[in-house]
Every structure is written in structure tokens, then in C-alpha cells.
Amino acid sequence: MPIDVTTALAAEPSVTRISWTDRDVLLYHLSLGAGAAGATDPAELRWAYERGLRVLPTFALVAGQGISSGAAGPASMSMPGVDVDLRRILHGGQRLRVNGPLPTAGTATVASRVSDVWDKGKAAVVVLEQRATADDGTELWTTSMQIWARGEGGFGGDPGPAAEAGLPDRAPDHVLTSPTGPQQALLYRLNGDLNPLHADPKFAAAAGFDRPILHGLASYGIVCRAVVDGVLGGDAAAVRDYEVRFAGTLLPGETVRTSVWEDGDRLHLLAVCPERGDAPVLTHATMEVAR
């Protein structure tokens, strides 16, 4: 079986060194649509111009993987106990916790390990945890990625935690609209995820999609930027914890509409695609912020 649960959970963390520059940050922001609303707008330039550059916390998910690294994307997801073809996996969920503002350039040590494997019957969910630490020992961020491996379930394992409670029973406090461009996936993949699912029509068809889809982490970042701009006054450092489940795919050129319910320092989010009858894109989404 491609997933050996015992081996995956017992493996020692793999440790890598990463580095990034302000150009990696700029590319990341541009791949989320920064600058599209107005190239001279100060609110856009804080993401797209190196003077006064701010860093979205979701950059942590691609730090050390972009153009500066020169790395190529893998043909499979392979780690101790896990070897799954990319055509059989989907990004099921993502959580990010940051301990402060991310620098526009830096280096870090990243420790990666499989923290859980859940049995969903027709699929397995592999939870990959990564912790990034600065050279002075400061913990920069922790991420937890849920990888949905189709056809790998049914081994009698733990099904994982139940979904959290639903959204507040009232109208949202904010509704934010984020258009995407037809080239969005081609641009986003330059951050390091070169999975052909996001570029190659034949590969996408073999995986069961009509055409290449947008990366789940692109939707994740697009929604984060919308909330930072539309709710937090552009203060990227206010985001402390951001967790979502990927409920559906988004095609390049479609729109993300994000509803936000405020509950003190906790925001509840729902992102949908209006072009497809408000089909869900991100659900069970929450963001903890420092006001």
C-alpha cells in the first residue's frame, strides 16, 4: 500500500534550510492578484512594490520554494511511509499559525513530519506539519496541511476530528469580492508548486477535471489578502491563525466571494464561487487576529 501509517508516524522529522528574498514575496503577492485593481493604488503597492513592502502571512506556505530556490516540483508526494501519485491527491485543508510579522527576506530551518493519517473510507488524509525557526531560535510559523489521497482509505484507522460548528446565524459583517485572471494558476505555480494539474490540460483531464484548476493555496492566499485589506485595514501582522477546509475547486478566471462574520478576535469565513451558483471554495474557515 502506498501509505504505511506506522512508518509515516514514526519517522523522524526531515529538516531543511530555506531562504527567500523580497522578489519571492513580490511574486507571491502578484500571483494572488496584487496590483490588478490599480497599479498606482497605494493599497495595492504595499503588496507589489519593494518600498514599504508588507508580507502576507500566507507567504509562509511558499517561502523557500520560489524562483530564488531554483527547485522543481515533484512528480509524486513522497516521504517516509507515503508515496502517492499527484493525480490521486487533493489539498483537503490548511492551517497556519504565525508568531509575528514575516520578514521580507530571511532564512529559516524547517522541520517537516507526518503528524496524523486519517481513514476516510474511500480516501486517506495525510496531515503534514511543518515548523519554521529563525537562526536566533525564534519560531516563525507552524503549518498543518491536510492531503486527501483518493483510493488510499479503508485501512481501519482513526477517521480524524469532526467538523467544527457552522457559521453564525446572521448576515455576514463583510462581503469581499476577489476576481482571478485566466493566467492565475500559471503565475501561482512559479511559487514552487509545479504540479501539472494546474497547467497541463491533458494531465487535468486524466485527474478528472475539465481543465487545469487553481491551486488550493492560491485560493487560501487570495481570501487572506481580501480579509487583510477589507477587514483589517491592510495590517497583515494582525493575522495570527488561519485555518480552512478546501470544499471545491476554483478555475482561473472565476471570482472568489468571501463572507466574514466578526466575533471579537475570531473571524468566521466562507468563500464561494458566484459564477457557479455560489459553489463553496473554502469552508469551516476561521481566522484569529490581534486587534
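This text gives an overview of the structure that appears in the document. (Residues numbered from 1 in each chain as written. Predicted model: local features only at pLDDT ≥ 70, side-chain atom pairs only at ≥ 80, totals over all residues. Heavy atoms only, no water.)

Attention now moves to the pairing of strand E11 (residues 266-273). Along E11, six of the eight residues are buried, which leaves the element largely enclosed by surrounding structure. Pairing of E11 with strand E12 (residues 279-289) involves seven bridges; the strand directions are antiparallel. In the sheet register, Arg266 faces E12, and the bridge partner there is Glu288. The antiparallel hairpin formed by E11 and E12 contains five residues in its connecting segment, where Gly277 sits at a positive phi of about 65°. (Buried < 20%, exposed > 50% of the residue type's maximum accessible area, 1.4 Å probe, protein only. Helix = DSSP H or I, 4+ residues; strand = E, 2+ residues; numbered from the N terminus. Pairing = 2+ DSSP bridges.)

This part takes up the environment of Val239. Along the chain, Val239 falls in strand E9 (residues 239-246). Assessed through its relative accessible area of 2%, Val239 is described here as buried. Put simply, Val239 and Val227 are 12 residues apart on the chain and 9.6 Å apart in space, counted from C-alpha to C-alpha. In this structure Val239 touches Pro57, Val98, Val228, Leu232, Met287, Glu288 and Val289, once residues within four positions along its chain are discounted. (Contact = heavy atoms within 4.5 Å.)

For helix H6 (residues 216-230), with 15 residues, the first-to-last C-alpha span of 21 Å sits near the 21 Å given by 1.5 Å per residue. Most of H6 sits out of view: 12 of its 15 residues are buried. Turning to H6, its buried residues number three or more, namely Leu217, Ala218, Ser219, Tyr220, Gly221, Ile222, Val223, Cys224, Arg225, Ala226, Val227 and Val228. (Expected span 1.5 Å × (residues − 1).)

The next thing to look at is the sheet that holds strand E8 (residues 174-179). Pairing is antiparallel across the open sheet formed by 10 strands, whose spatial order is E1-E5-E6-E7-E4-E9-E12-E11-E10-E8. Edge positions in the sheet fall to strand E1 (14-20) and E8, since each has one partner strand and no second. If you compare each strand with its neighbour and ignore which way they point, the axes differ by 20° on average. For strand E10 (residues 255-263) and E11, the ladder comprises seven bridges, and the chain directions are antiparallel. When the bridges of E11 are listed, Glu262 appears paired with Leu267. Docked against the sheet, H6 engages strand E4 (89-98), strand E7 (139-150), E8, E9, E10, E11 and E12, running at close to 135° with respect to E9. (Axes fitted to C-alpha atoms, helices over the stretch in contact; angles between N-to-C directions.)

This next bit is on the packing of aromatic side chains. Taken as a whole and judged by the stated rule, the model has six aromatic pairs. Plain terms: the ring middles of Trp20 and Phe59 are 6.2 Å apart, the flat faces sit at 65° to each other, and that makes the pair edge-to-face. Taken together, the residues span a long stretch of sequence, with Trp20 in strand E1 and Phe59 in the loop between helix H3 (42-48) and strand E2 (76-79) at a distance of 39 residues. Phe59 sits in the buried class, given a relative accessible area of 2%. Ring centres 5.8 Å apart and planes at 65° place the aromatic pair Tyr28 and Phe59 in the edge-to-face group. Highlighted residues: Tyr28 in helix H2 (residues 22-31) and Phe59 in the loop between H3 and E2, separated in sequence by 31 residues. For the pair formed by Tyr28 and Phe59, the shared burial category is buried. (Phe/Tyr/Trp six-rings, centres within 6.5 Å; stacked < 30°, edge-to-face > 60°.)

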